[in-house]
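Residues per chain, in single letters:
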Amino acid sequence: MIDDNFEIPLRCLFCRAPLQAAEDSSFHAGDLIKCLSCGEDSEYESVLEVAKEEAQDFAQQLLDKEMSKLAKKLFK
Ligand SMILES: [Zn+2]
């Protein structure tokens, strides 16, 4: 039901610009990711936390949509 491929971009905590990481780089807890837009460093864990909340909101919206579709089918 929920697309496995959907991706929530990691966003700068300061300006909300999507954070760019080099292909071969990986981040770890405590790392700072430098934003190319505003030059501020976002803490990786906080960025992930925000992305997780965004993903949950998105999943909830999808679920609500599916549920109302189902409800319409059932209570026609
Ligand atoms: Zn920024």
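Residues numbered from 1 in each chain as written. Predicted model: local features only at pLDDT ≥ 70, side-chain atom pairs only at ≥ 80, totals over all residues.

Tallying secondary structure elements over the chain gives one helix and two strands in all. Along the chain, from the amino end to the carboxyl end, the secondary structure elements read β-β-α. Looking at the 76 residues of the chain, the share that counts as buried comes to 8%. (Helix = DSSP H or I, 4+ residues; strand = E, 2+ residues; numbered from the N terminus. Buried ≥ 20, exposed ≤ 12 C-beta atoms within 10 Å, placed from the backbone.)

Mapped onto the secondary structure, Asp41 falls in strand E2 (residues 41–43). The spatial distance from the C-alpha of Asp41 to the C-alpha of Asp31 is 9.2 Å, given a sequence separation of ten residues. When residues no more than four places from it in sequence are discounted, the contact partners of Asp41 are Leu32, Ile33 and Lys34. (Contact = placed C-beta atoms within 7 Å.)

If you look at the biggest cluster of nonpolar residues, it comprises five residues: Cys12, Leu19, Ile33, Cys35 and Val47. Sequence-distant contacts of Val47, that is, excluding residues within four places in its chain, are made with Leu10, Arg11, Leu13, Leu19, Ile33 and Ser42. (Core = buried A, V, L, I, M, F, W, Y, C linked by C-beta atoms within 7 Å.)

For the chain, mean pLDDT is 87; residues scoring 70 or higher make up 89% of the total. Mean pLDDT across the elements of the chain bottoms out in strand E1 (residues 32–34) (92) and peaks in E2 (94). (pLDDT = per-residue confidence, 0-100.)

Quick look at unusual backbone geometry now. If you check the backbone angles, Arg16 has positive phi at about 70° while not being a glycine. For Arg16, a count of 13 C-beta atoms within 10 Å puts it in the partly exposed group.

Before going further, it helps to examine helix H1 (residues 44–74). When the terminal C-alpha atoms of H1 are compared, their 44 Å separation across 31 residues agrees well with the 45 Å that a helix rising 1.5 Å per residue should span. A small share of H1 lies buried, amounting to one of its 31 residues. (Expected span 1.5 Å × (residues − 1).)

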